[in-house]
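# Overview (structure and organization)
These are the residues of each chain, in order.
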Amino acid sequence: MSLLSASLLGIDFANPLLNASGVWCRDKAELDALNASAAGSFITKSCTLVPRAGNPEPRYYATPLGSINSMGLPNEGYPYYLDYARHHDYRAKPLFMSVAGLSLADNLAMLAAIRAADLPAIVELNLSCPNVPGKPQIAYDFAAMTEMLEAVSLEYARPFGVKMPPYFDIAHFDEAAAILNRFPHVTFVTCINSIGNALIIDPETESVVIKPKEGFGGIGGDYVLPTALANVNAFYRRCPGKQIIGCGGVSTGEHVFMHLLAGASLVQVGSALYEEGPAIFARLNAELSALLERKGYASIESVRGKLRTL
Ligand code: RRO
């Protein structure tokens, strides 16, 4: 047990940090760099049944306040990531696999194969990809989300997590959480994916900054931290039987600390990892350690969910 030790689904992690799926995790070279980094664990790019090139470039753009992307689910196809997971040394660090089928049938096919491989890899089912033209986000359609979780719970029948989009209304927090609570195999909830379908405009060129979808894309970074914290805390309060992974707006140890206070057990890093590279994990761990020591906390467990209200 060290100061930064973390735990999810009864698995021990050296620290709470990992990448947000989609960032630095598309191929073996990137995944190996995460494995070699100071991250406590890491996750593969959301995968589909067959490889995808994704949307036309430019499809990612950073500003001083964060990023916008419309990658369009570029990935090597699920067998590539399953092969990576087969060869991973789980004693070194835990590995998550993100799954984002384009249909319920695709998700069931991929999850059947992952289950058959019987690996320690932890599945995060992405219900919130905002960037595939013509495909609405599952988690914004509660009937579709329920149908997906019913079928996946039957087919996979092992503990898994869900990657959720941000919600912006208390009624939606209530309804989404009530649905998740009906599914005991859903053992963790990752909040949040990027805030979908935002628009960044360059006033100099009078233009959008990414090519797909007339410039519309998901935003991350500083733009989204308060929305991410609200979603982490909303699901932490409503899903007492599940663990929460925080994601959104993390570029300092203090941001990690805020996610822990809101209720996160682990914390993912997206835009800031894209900009700074895997060395960011050593910096964030050092900043978080210094903050915990300054405040007299002996573990991250003693911080989790300790957010005070007025
Ligand atoms: O690949 C993407 O465009 C993408 C995905 Br699947 C996602 O879940 N979230 C995001 O911001 N981009």
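Report follows, based on the coordinates. Counting restarts for each chain: residues are numbered from 1 in the order of the written sequence. A pLDDT threshold of at least 70 governs which residues receive local features in this predicted model, and a stricter bar of 80 or more applies before side-chain atom pairs are shown or counted, although totals over entire chains, interfaces and linings include all residues. Just so you know, side-chain values use all the structure's heavy atoms and leave hydrogens and water out.

### Side note on the packing of helix α1 (residues 28-36) against helix α2 (residues 78-87)
- Contact geometry of α1 with α2 gives a least axis separation of 11 Å together with a crossing angle of 35 degrees. Crossing hand, α1 versus α2: right-handed. Listed contacts from α2 to Lys-28, Leu-31, Asp-32 and Asn-35 of α1 are Tyr-80, Tyr-81 and Tyr-84.
- A breakdown of the residues in the contact of α1 with α2 according to their chemical character gives four nonpolar, one polar and two charged. Geometry is summarised by axes, namely lines fitted to C-alpha atoms with helices restricted to the contacting stretch, and by angles between N-to-C directions that run from 0 to 180 degrees. The numbering of helices and of strands both runs from the N terminus, where a helix is a DSSP run of H or I of at least 4 residues and a strand a run of E of at least 2. Handedness of a crossing is defined here by the sense of rotation of the near helix relative to the far one, left-handed for an anticlockwise turn of less than a right angle and right-handed for a clockwise turn. Contacts: residue pairs with any heavy atoms within 4.5 Å of one another. Classes in brief: Ala, Val, Leu, Ile, Met, Phe, Trp, Tyr, Cys and Pro nonpolar; Asp, Glu, Lys and Arg charged; the others, Gly included, polar.

### Focus: the site of the ligand
- Distances are taken per atom, and a residue is near a molecule or strand as soon as one of its heavy atoms is within 4 Å of it. What surrounds the ligand is the set Lys-45, Asn-69, Met-71, Gly-72, Leu-73, Pro-74, Asn-126, Cys-129, Pro-130, Asn-131, Asn-193 and Ser-194.
- What qualifies as a polar contact is a pair of N or O atoms within 3.5 Å, subject to a donor-acceptor requirement within protein and to the restriction that residues adjacent in sequence count only when both atoms come from side chains. One of the side-chain nitrogen or oxygen atoms of Asn-126 is found 2.9 Å away from an oxygen atom of the ligand.
- Here Ser-194 contributes a side-chain N or O atom positioned 2.7 Å from an oxygen atom of the ligand.
- In this description, accessible areas are obtained by the Shrake-Rupley approach with a 1.4 Å probe, and a residue is regarded as covered only by the protein chains that are shown. Within the complex, the protein chains bury 93% of what would otherwise be the 310 Å² of accessible surface of the ligand.
- Of the residues contributing to the shell around the ligand, the split by class is five nonpolar, six polar and one charged.

### Quick look at the packing of aromatic side chains
- A pair of aromatic rings is counted whenever rings of Phe, Tyr or Trp (Trp by its six-membered ring) have centres within 6.5 Å, and the orientation is called stacked for planes under 30 degrees apart, edge-to-face for over 60 and tilted otherwise. By the definition in use, this model includes eleven aromatic pairs.
- Geometrically, the ring pair formed by Phe-173 and Phe-235 is edge-to-face, given 6.2 Å between the ring centres and 85 degrees between the ring planes. In this pair, Phe-173 sits in helix α5 (residues 170-181) while Phe-235 sits in helix α6 (residues 225-238), placing the two residues 62 residues apart along the sequence.
- Residue class for Phe-235 comes out buried when judged on its relative accessible area of 0%.
- Through pairs of rings, three or more aromatic residues link up here, namely Tyr-140, Phe-142, Tyr-167, Phe-173 and Phe-235. Burial here depends on accessible area, computed with a 1.4 Å probe over protein chains only, as a share of the maximum for the residue type. Under 20% is buried, over 50% is exposed, and the range in between is partly exposed.

### A look at the pairing of strand β6 (residues 66-69)
- Every second residue of β6 is oriented toward a common face, with Gly-66 and Ile-68 on one face and Ser-67 and Asn-69 on the other, all of them buried.
- The pairing criterion is simple: DSSP has to find at least two bridges between the two strands. Both strand β5 (residues 60-63) and β6 contribute to a ladder of four bridges, which runs antiparallel. The partner of Tyr-60 across the bridge, within β6, is Asn-69.
- Hairpin geometry of β5 and β6 is characterised by an intervening segment of two residues between the two adjacent antiparallel strands.
- One ladder, built from three bridges, connects β6 with strand β14 (residues 216-220); its direction is antiparallel. Bridge pairing in β14 places Ser-67 opposite Gly-220.

### What to know about the pairing of strand β16 (residues 264-269)
- The buried fraction of β16 amounts to six of the six residues, a majority that puts the element mostly inside the structure.
- As judged from the three bridges shared by strand β3 (residues 17-19) and β16, these two strands associate in the parallel manner. Residue pairing across strands places Leu-17 opposite Val-267, the latter belonging to β16.
- Across four bridges, strand β15 (residues 243-247) lies against β16 in parallel orientation. Within β16, the residue paired with Ile-245 across the bridge is Leu-266.
- Looking down the strands as they point away from you, a crossover is right-handed if its path from the first strand over the helix to the second goes clockwise. Following the backbone out of β15, through helix α7 (residues 253-262) and into the adjacent parallel β16, one traces a crossover that is right-handed.

### A word on helix α4 (residues 142-156)
- To estimate how far a helix should extend, the number of its residues minus one is multiplied by 1.5 Å. Across its 15 residues, α4 extends 20 Å between first and last C-alpha, which sits within 8% of the 21 Å expected from 1.5 Å per residue.
- Among the residues of α4, Phe-142, Met-145, Thr-146, Met-148, Leu-149, Ala-151, Val-152, Ser-153 and Tyr-156 are the ones counted as buried.
- Here the buried face of α4 lies against α3 (104-117), β8 (122-126), β9 (160-164), α5 and β10 (186-191).
- Just beyond α4, the residue with positive phi is Ala-157, at close to 55 degrees.

### Thoughts on the sheet that holds β6
- Spatially, β5-β6-β14-β11 is the arrangement adopted by the four strands of the open sheet, whose pairing is antiparallel. Strands with a single pairing partner mark the edges of an open sheet, and in this sheet they are β5 and β11 (195-199). Ignoring strand direction, the axes of neighbouring strands in this sheet form an average angle of 40 degrees.

### Considerations on the nonpolar core
- Residues belong to one nonpolar core when they are buried, are Ala, Val, Leu, Ile, Met, Phe, Trp, Tyr or Cys, and are joined through side-chain atoms within 4.5 Å. Core analysis: the largest hydrophobic core is formed by 95 residues, its most contacted members being Phe-96, Leu-125, Met-145, Leu-149, Val-162, Met-164 and Phe-235.
- Per element, the largest residue contribution to this core is seven residues, and it comes from α4.
- Among residues more than four places away in sequence, those in contact with Met-164 are Leu-127, Ser-128, Ala-139, Met-145, Ala-176, Leu-180, Val-189, Thr-190, Ile-192 and Asn-193.

### Digging into α5
- Along its twelve residues, α5 runs 16 Å from first to last C-alpha, staying within 8% of the 16 Å computed at 1.5 Å per residue.
- Of the surrounding elements, those touching the buried residues of α5 are α4, β9, β10 and α6.
- N-cap assignment for α5: the residue whose side-chain oxygen lies 2.9 Å from the backbone N of Ala-171 is Asp-169.

Purely spatial values, then, with no claim about function.
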